[in-house]
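So you can see what is in the structure, the chains are spelled out below.
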Amino acid sequence: MSPRSYDSSQHGKSPSPFIPFTFVAIGLGNLLMTLLWMLLGDPVPLALLHAFAVGVFLTIALGLLYQFIPVVGLGTLRFPRVAYVHALCALVGSALLVYGFQHAAYAWVAFGGALHGIGLLLQLVVLLATVRFRLPPAAAASALSSLGWLLGAIVLGVLMAERFVHGVAPGSLVYVHALVALGGFFGTLIVGITLRLLRMFERVDRESAIARTDIAAHAGIALALAGGLARWALPLALAPFVRSLLVIARGRNPAYQRETGWYTLCSTVGAGAAAVLFGMGRFESAIAIALWFFVGTAVVGYLQRIVPFIWWIRRARSEGARNIPSLGEMNDTRLGVAILVAWLVAGAPLLADATRIAAALALVALGLLLAQLHRPFTLPAKAQ
């Protein structure tokens with residue numbers, strides 16, 4: 001994407017980049033600490049699961065929504081200082097969740113979950129006020145609707161923690177919680193954001209399909225909650241999204257970088273595999289694949305697009321769009337592919353419970369990712 005292809009008149013006012021960057025910094029810091037913990041320590045599985053799902057992927061995703069909703073939803077971010085309160089809730093809440101699971105101190109788990117719930121409610125107020133409590137464009141509406149699933153996942157998580165406190169096993173609520181969080185929140189969020197990003201960076205417009213894919217995703221999650229054969233509604237719900245991706249693959253502009261499409265493809269394969277395993281009743285495998293290959297791949301890949309885009313807007317306003325590197329120059333395609341390969345390779349030993357090998361490989365991916373993300377901030381202006 002070149003500077004000339006971005007038309008600010010078709011977007012809302014971009015908020016301060018330091019709002020989403022605060023969440024991204026917290027998430028990447030948590031990722032580094034979690035990988036080092038895997039390499040040098042002995043994390044309990046539930047603590048490790050929430051360190052990734054909540055401390056890393058959720059924190060980053062919620063932070064980027066403070067940028068995504070105003071820009072796509074054609075509004076100005078309201079009450080921006082509240083976002084920093086949310087960031088504090090996310091930071092402390094994640095730490096309490098992980099500590100509580102690691103030490104079987106479930107009262108702290110409940111407290112950490114409640115802090116995340118408070119942060120989410122604050123974000124909902126900010127984002128709904130930003131779109132003026134009206135139905136925004138499809139991509140923004142899809143992202144906002146996903147937060148309803150997240151609220152449900154948080155409530156379920158706190159209720160389960162309270163059961164643990166009183167010595168009551170949560171039973172099947174564990175898998176319901178995982179389905180609502182990974183499928184309901186991340187699934188519907190990634191559907192809407194993916195088609196929007198592919199429109200921007202692959203230059204193929206399938207945004208008209210967001211409403212259909214979003215409805216199918218919500219319906220599939222809702223049906224799968226019934227259990228039994230209804231669980232197979234989950235892979236079927238992916239069909240409209242896969243169809244859109246096939247249309248994009250046939251019609252994309254070959255002049256643009258391909259790595260966004262590669263990340264999307266790998267993430268979608270991960271989602272399909274997790275959905276099939278869930279339908280078969282292999283819940284633990286489904287959760288692990290969904291977390292690393294579906295959610296993780298999408299977050300790692302889309303960060304490499306969204307962070308440069310945010311900083312490009314800021315530089316374009318201060319230095320002039322013609323005087324700074326294009327978005328294509330801010331992203332190194334070969335580095336992007338190397339990050340993808342390293343991330344996917346790290347997932348294999350993780351599934352085999354070889355956590356130290358997985359951590360070492362994932363640290364390579366993280367190092368490459370940080371090298372990619374620093375480029376927008378350090379590339380010099382064009383010579384005049």
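Use the structure listed above.
Let me begin by describing the structure that accompanies this report. Worth saying up front: this structure is predicted, and the values here are computed from it rather than measured. (Residues numbered from 1 in each chain as written. Predicted model: local features only at pLDDT ≥ 70, side-chain atom pairs only at ≥ 80, totals over all residues. Heavy atoms only, no water.)

## Here's the deal with the overall build of the protein chain
Put simply, the test is: Comment: elements are numbered from the N terminus, with helices defined as DSSP H or I runs of at least four residues and strands as E runs of at least two. Throughout, radius of gyration means the C-alpha value; the globule benchmark is 2.2 Å times the number of residues raised to the power 0.38. Residue burial is assigned from relative accessible area. The probe radius is 1.4 Å, only protein chains are included, and a residue is buried under 20% of its type maximum, exposed over 50%, and partly exposed in between.
Counting its regular elements, the protein chain contains 14 helices and zero strands. The order of α-helices and β-strands along the protein chain, N terminus first, is α-α-α-α-α-α-α-α-α-α-α-α-α-α. Expected size for 384 residues packed as a compact globule is a radius of gyration near 21 Å; at 20 Å, the protein chain falls within 12% of this value. Along the first, second and third principal axes, the C-alpha atoms of the protein chain reach 70 × 40 × 40 Å. Looking at the protein chain as a whole, 57% of its 384 residues qualify as buried.

## A word on the packing of helix H2 (residues 45-72) against helix H4 (residues 106-130)
Rule in force here: A fitted line through C-alpha atoms serves as each axis, taken over the contacting stretch for helices, and the angle formed by two N-to-C directions is quoted from 0 to 180°. By definition in this entry, angles of less than 35 degrees are roughly parallel, angles greater than 145 are roughly antiparallel, angles of 65 to 115 are roughly perpendicular, and the rest are oblique. By convention the crossing between two helices is left-handed if the near helix lies anticlockwise of the far one by an angle smaller than a right angle, and right-handed if it lies clockwise. The contact definition used throughout considers only heavy atoms, calling two residues in contact when any of these lie within 4.5 Å.
It is at 10 Å that the axes of H2 and H4 come closest, and there the two elements cross at 15°. Judged on the interaxial angle alone, H4 and H2 are roughly parallel. Of the two elements, H2 crosses H4, and the hand of that crossing is left-handed. Taken together, the residues of H4 that come into contact with H2 (itself represented by Val54, Leu58, Leu62, Leu65, Tyr66, Ile69 and Pro70) are His116, Gln123, Val126, Leu127 and Thr130.

## A short note on H4
Stated precisely, the cut-off is as follows: By this rule the span expected of a helix is its residue count minus one, scaled by 1.5 Å.
Taking 1.5 Å per residue, 25 residues should reach 36 Å; H4 reaches 36 Å between its end C-alpha atoms and fits that length. At the exit of H4 stands arginine 132, carrying a positive phi of roughly 60°.

## Some remarks on helix H11 (residues 283-319)
Taking 1.5 Å of rise per residue, 37 residues should cover 54 Å, and H11 covers 51 Å from first to last C-alpha, within 8% of that figure. In the stretch just after H11, glycine 320 is the one whose phi turns positive, near 95°.

## Considering the pattern of salt bridges
In plain terms, the rule: We count a salt bridge whenever a side-chain nitrogen from Lys or Arg sits within 4 Å of a carboxyl oxygen from Asp or Glu.
Scanning the entire structure with this criterion turns up three salt bridges. Put simply, arginine 315 and glutamate 319 hold a salt bridge, and the shortest N to O gap is 3.0 Å. Linking arginine 315 with glutamate 319, this pair stays in helix H11, spanning four residues, or about one helical turn. With a relative accessible area of 7%, arginine 315 lands in the buried category. Residue classification places glutamate 319 among the partly exposed positions, given a relative accessible area of 33%. A salt bridge links arginine 334 to aspartate 332, with the shortest nitrogen-to-oxygen separation between them at 4.0 Å.

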